[in-house]
Amino acid sequence: MRRLLSFVLAALLFLSSPPVMAADLPVGELPDTATPLAYRIAIVADPARPVFSGDTEIDIDLKESTSSLFLHGQGLSMVRAEARTGRRTTRASYRQVHPTGLARLDFAEPLAAGRHTLVFRYSAPFMTSAEGFYRAEVAGRWYAWTQFQAIDARRAFPGFDEPRHKTPFAIRLTVPEGQMAVSNAPLVRTGRTRAGIAHDFAATEPLPTYLVAFAVGDFDVVEATIPANAVRSRPLAFRALATRGQAPRLATTVAETPKILAILEDYFGSPYPFAKLDVIASPIMGGAMENAGLVTFNDTLLLLDADAPLSQLRSFGVVMAHELAHMWFGDLVTPRWWDDIWLNESFATWMGNRAALQWRPDLGIRSDQIAGALAAMDEDSLAVGRPIRQPITDSANINAAFDGITYAKGGQVIRMFERYLGEADFQAGVRLHMDRFRYGTADANAFFQSMADGSGRPELVAAWKSFVDQEGVPLVRLAPAPGGRFALSQSRYAPIGGARAGSTRWTMPVCAASGEGAACALLGDKVGTLGPIVGTAPWVAGNADGAGYYRFDLDPAGWSRLLEAAPALPAPEALTAADSLWAGFAAGGVPFARVLEWAERFSSHPDRLAATWLAGPMAKAANEALGTGDNGLLERRIRAIYGPRLAAIGLDPARGAHAADPAEQRQLRLRLAQVLALDGMDPAVRARLAQAAEAALAGNASAIDPSFRGLAFGILVQEGGIPAADRLFEALVASNDPLFRQHAVAALGFTRDPKVATHVLTRFGDPRLQTTESVRLLSGLFGSPETRGLALDFLEGNWDTVRPRVGGLLGRFVGATGSFCTVEDADRVERIFRPRLAELNLGSLDLDRPVAEIRQCAALKAARGSDIRSALAAR
């Protein structure tokens, strides 16, 4: 009895291992005690059940003897944990010790330095949003996919969930008979077991945990082979997968993906680096994910009808090119830690746009890329922010790195240096980097060294770092100087209520254009000289090709000459000029009357974004300054500026009515209709769109072209109130067309009537909606002054209902609050979300930004509101 009691007490002592103080927890990078060498993961999964089970083995190399290890595992119900050393087994206790999924193993006795195998048996819940191993019901069938970036692999299996640890993974998926299982590597065998049909996959090339992927379900599959080419000597197995019934919509993906892949292989000068390529659609994936060999996309990015809108085709091309570029940037060569995630995302953004533009130059891809960079400048001009590369010492701050600064600013900075270096020298640096770190990891310093060595321009490393290592947007002033030159000066752009000017300096390539001519200078001091510019045009644009990451200012005569040339400017110069002019208004310099003058002049530009760029910020600022009861002043001016242009090119929303028009004109028509219908409240445009939407809901498939459908449905909800919203909702849940569903759920958030919004919110938890659709519905209501307060009330009052419905997507509503515009709103947002940041797995910056955005809007309204009102009332 005593011996038994002693054994029990010893076991209890082992199982209740000593507490770990919070200060001792490695909430960022794990200690270097253990290095994973290989994983063997066996998952038993039936998507129709809420829980899956797993067995994971991890071969490790211990640097030194230890009795405990930190690793990762989140929400895992551990059945057994142990370490095997040869034939010897050492029991271990497993505990999750931090909400971000940090876990600790305590061994019954110390493990010696050297090779061991960690063995785990566990179960875990499927997630309901795109995090970890998640599931969804589609048309009565259950499916499951994975989304592990950034730190959600730990929800599916225990491990060392950090990008620096790249190892082979051997995956086994056991699933119900009749269901398909896919993973990163090719399938090598199947076999019947008591738990179902086991699918064994070949071991992968070395991967970090966040790039591991698998999926289970009754998928439609379209198979193809991508032929060998000058770079790749072997054919490549290629498949596109989607939920049952969607195979016909995969035709565009199957036809066009090989073309995009060939462009990328040609640029990198090396073949696609994995054994096969599968692309798979998921209805609740927020965007896309570059899992090696099994790339996951939102349904609307892969499933295109034959008459897909040009905007959907553009998104397909850009996102496909972005994710496939990751096969080199990110998968083949992986950042060592999350502070260098920009080496993934900035480069994939730049390369994705570059390749997609080569694939389809008529889709407005360059203008979209520049627009993204200009939006990043707005984010980078807030009172709070971060540089592209920022040390991350706490895993709670990792998600904040996946933002416009990393993607759009980083991509534009890369484009700026590519233009300055020259394409050939830049490409040489990229190829050298890929060769040096193939299937390995690299940090920013390694990348800079590769670029310096490959391009032969080591002096540019300091210039590049000046953009990567500090936040803010440069403002470059160009003043005429003798000999056709320009005197340059730089400062930090400082809008009203935003970032302060300070003493920040960049070493930047400044390039200005005049017609066909251009000149560049590397500006490293506060002042410098540019030129002369050899060009025939009377105007000078301060950002040639729209490639620079800066805003510019000219003398009054220079702005006047640029305004005179506005309709004929190249689209990149037009966009950056319009943005820089608006930036002058937001900083307190340019009067609103001048903005209106520029908007009218630009409205005849052929590029859809250049023609309408000023409409968006004008409408936002004016609506906030005027209030909802007096915004007719703005609406009349919008109609006067943009109405004649739409009348000149015509509007017929019927299916295929404008199919013969050039792609550029079709996109311009849609953009003008959006501005006039939503910002101008044009009664004729709205009536025509609403009638077409009504006819489409009544069953007339020819009444509305898919390009106009989302806008038309939104106008119908605004005009038709609750009855129209109900009809649209029923059509939404009855449809299996992903794009139709996206259009419909977004349209429900268009309402500006609080009564209709309240009614729409009763649909939020409807089980016929996917989680992403519920999020889109509520997010849309944050978009207008009339309903944003109601949306926040709903979120705060129904927190405990909303959270289980949307899971990890709950944090997205924090960013949506940036649409508010009073100091009181900012204080309320702080009060609601600051105490919940840990619960949302968000860092402080995730809240600091929208709060800063609100305060900046309030400051601009206070400072420029009277100028806005006076300018709009002047005529």
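Residues numbered from 1 in each chain as written. Predicted model: local features only at pLDDT ≥ 70, side-chain atom pairs only at ≥ 80, totals over all residues. Heavy atoms only, no water.

What follows concerns the overall build of the chain. Across its full length, the chain carries 27 helices and 27 strands. On C-alpha atoms alone, the chain measures out to a radius of gyration of 28 Å, which is about the 29 Å that the 2.2 N^0.38 rule sets for 875 residues. Of all 875 residues assigned to the chain, the portion counted as buried reaches 58%. Considering only contacts within the chain whose residues lie at least 6 apart along the sequence, 72% involve residues at least 24 apart. (Helix = DSSP H or I, 4+ residues; strand = E, 2+ residues; numbered from the N terminus. Rg over C-alpha atoms; globule rule 2.2 N^0.38 Å. Buried < 20%, exposed > 50% of the residue type's maximum accessible area, 1.4 Å probe, protein only. Contact = heavy atoms within 4.5 Å.)

Looking now at the state of the cysteines. For the structure on display, the rule yields two disulfides. A sulfur-sulfur separation of 2.1 Å characterises the disulfide bridge that pairs Cys-511 with Cys-520. Because the torsion about its S-S bond is 110°, the bridge between Cys-511 and Cys-520 counts as right-handed. The partly exposed category is assigned to Cys-520, whose relative accessible area is 36%. One disulfide bridge connects Cys-821 with Cys-857, the sulfur atoms lying 1.9 Å from each other. Every disulfide takes its handedness from the sign of the S-S torsion; for Cys-821 and Cys-857 that torsion is -90°, giving left-handed. Residue Cys-821 is located in the loop between helix H25 (812-816) and helix H26 (823-833), and its partner Cys-857 is located in helix H27 (residues 844-873); the two are separated by 36 residues in the primary sequence. The exposure class assigned to Cys-821 is buried, which follows from its relative accessible area of 0%. With its disulfide-bonded cysteines labelled consecutively along the sequence, the chain is connected as 1-2, 3-4. (Disulfide = S-S within 2.5 Å.)

Our next topic: the pairing of strand E5 (residues 88-96). Here strand E4 (residues 77-85) runs beside E5; their pairing, made up of four bridges, is antiparallel. In the strand pairing of E5, Glu-82 is matched with Arg-91. Connecting E4 to the antiparallel partner E5 that follows it, the hairpin turn spans two residues, and Gly-86 within it adopts a positive phi of roughly 65°. Looking at chain direction, E5 and strand E6 (residues 102-111) are connected through five bridges and run antiparallel. (Pairing = 2+ DSSP bridges.)

Read from one edge to the other, the open sheet built from four strands follows the order E26-E23-E22-E27, with strand pairing classed as mixed. The open sheet terminates on both sides in strands that have one partner only, identified here as strand E26 (527-530) and strand E27 (551-554). Adjacent strand axes in the sheet meet at a mean angle of 30°, parallel and antiparallel pairs treated alike. Bridge count for strand E23 (residues 485-492) against E26 is four bridges, and the pairing is antiparallel. Bridge pairing links Phe-486 to Leu-530 in E26. (Axes fitted to C-alpha atoms, helices over the stretch in contact; angles between N-to-C directions.)

Counted by the stated rule, this structure contains 66 salt bridges. One salt bridge connects Arg-84 with Glu-82, and the closest N-O pair in it is separated by 3.2 Å. A residue is classified by how much of its surface remains accessible, and Glu-82, at 11% relative accessible area, is buried. For Asp-453, the salt bridge goes to Arg-436, with nearest N and O atoms at 2.8 Å. Of this pair, Asp-453 sits in helix H9 (residues 444-455) while Arg-436 sits in helix H8 (residues 423-436), and the two are 17 residues apart along the sequence. Taking the relative accessible area as the measure of exposure, Arg-436 reaches 40% and is therefore partly exposed. Put simply, Arg-40, Glu-57, Asp-59, Arg-80, Glu-82 and Arg-84 are held in one network by salt bridges that share partners. (Salt bridge = Lys/Arg side-chain N within 4 Å of Asp/Glu carboxyl O.)

Turning our attention to the sheet that holds strand E10 (residues 169-175). Within the open sheet, the 10 strands sit side by side as E3-E6-E5-E4-E7-E2-E1-E10-E13-E12. Their pairing is mixed. Either end of the sheet is taken by a strand with one partner, and the two such strands are strand E3 (66-72) and strand E12 (187-193). Recorded for the sheet is a direction-independent mean angle of 20° between the axes of neighbouring strands. Here E10 runs beside strand E13 (residues 196-201); their pairing, made up of four bridges, is antiparallel. From the neighbouring strand, Arg-172 faces E13, where its bridge partner is Asp-200.

A word on the environment of Leu-382. Position of Leu-382 relative to the elements: it lies in the loop between helix H6 (365-380) and helix H7 (404-421). As for Leu-382 and Val-851, which are separated by 469 residues in sequence, their C-alpha atoms are 9.8 Å apart. Beyond its immediate stretch of four places on either side in the chain, Leu-382 contacts Arg-492, Gly-498, Ala-499, Arg-849, Ala-852, Glu-853 and Gln-856.

Cis geometry marks the peptide bond from Gln-149 to Ala-150; its omega dihedral reads 5°. Within the secondary structure, Ala-150 sits in the loop between strand E9 (141-147) and E10. Of note, the amide linkage connecting Gly-531 to Pro-532 takes the cis form, showing an omega dihedral of 5°. In this structure, Ala-139 takes a positive phi of about 50° despite not being glycine. Among the structural elements, Ala-139 can be located in the loop between strand E8 (132-138) and E9. The class of Ala-139 is exposed, set by a relative accessible area of 72%.

This brings us to the pairing of strand E2 (residues 51-62). Both strand E1 (residues 34-44) and E2 contribute to a ladder of 10 bridges, which runs antiparallel. Bridge pairing in E2 places Ala-34 opposite Leu-62. Hairpin remark: E1 followed by E2, antiparallel, with six residues in the connecting loop. With 12 bridges connecting them, E2 and strand E7 (residues 114-125) associate as antiparallel partners. Bridge assignment links Leu-62 to a residue of E7, and that residue is Gly-114.

This brings us to the packing of aromatic side chains. Within the structure shown, the criterion is met by 48 aromatic pairs. Considering the side-chain rings of Phe-148 and Phe-157, the 5.8 Å spacing of their centres and the 80° angle between planes classify their relative orientation as edge-to-face. Phe-157 matches Phe-148 in its accessibility class, with the two residues each being buried. Taking 6.3 Å as the distance between ring centres and 80° as the angle between the ring planes, the aromatic pair formed by Phe-417 and Phe-467 counts as edge-to-face. (Phe/Tyr/Trp six-rings, centres within 6.5 Å; stacked < 30°, edge-to-face > 60°.)

The next thing to look at is the environment of Asp-161. Looking at the element boundaries, Asp-161 is found in the loop between E9 and E10. Of the polar contacts made by the side chain of Asp-161, one reaches the side chain of Thr-209; its length is 2.5 Å. (Polar contact = N/O pair within 3.5 Å; in protein donor to acceptor, adjacent residues only side chain to side chain.)

Let us look at the side chain of Ser-514. The residue Ser-514 is located in strand E24 (residues 508-514) in this model. Owing to a relative accessible area of 5%, Ser-514 belongs among the buried residues under this scheme. Engagement of the side chain of Ser-514 in a polar contact is seen with the backbone oxygen of Ala-537, the distance being 3.0 Å. In this view, Ser-514 contacts Ile-533, Gly-535, Thr-536, Ala-537, Trp-539 and Val-540; residues no more than four positions away in its chain are not counted.

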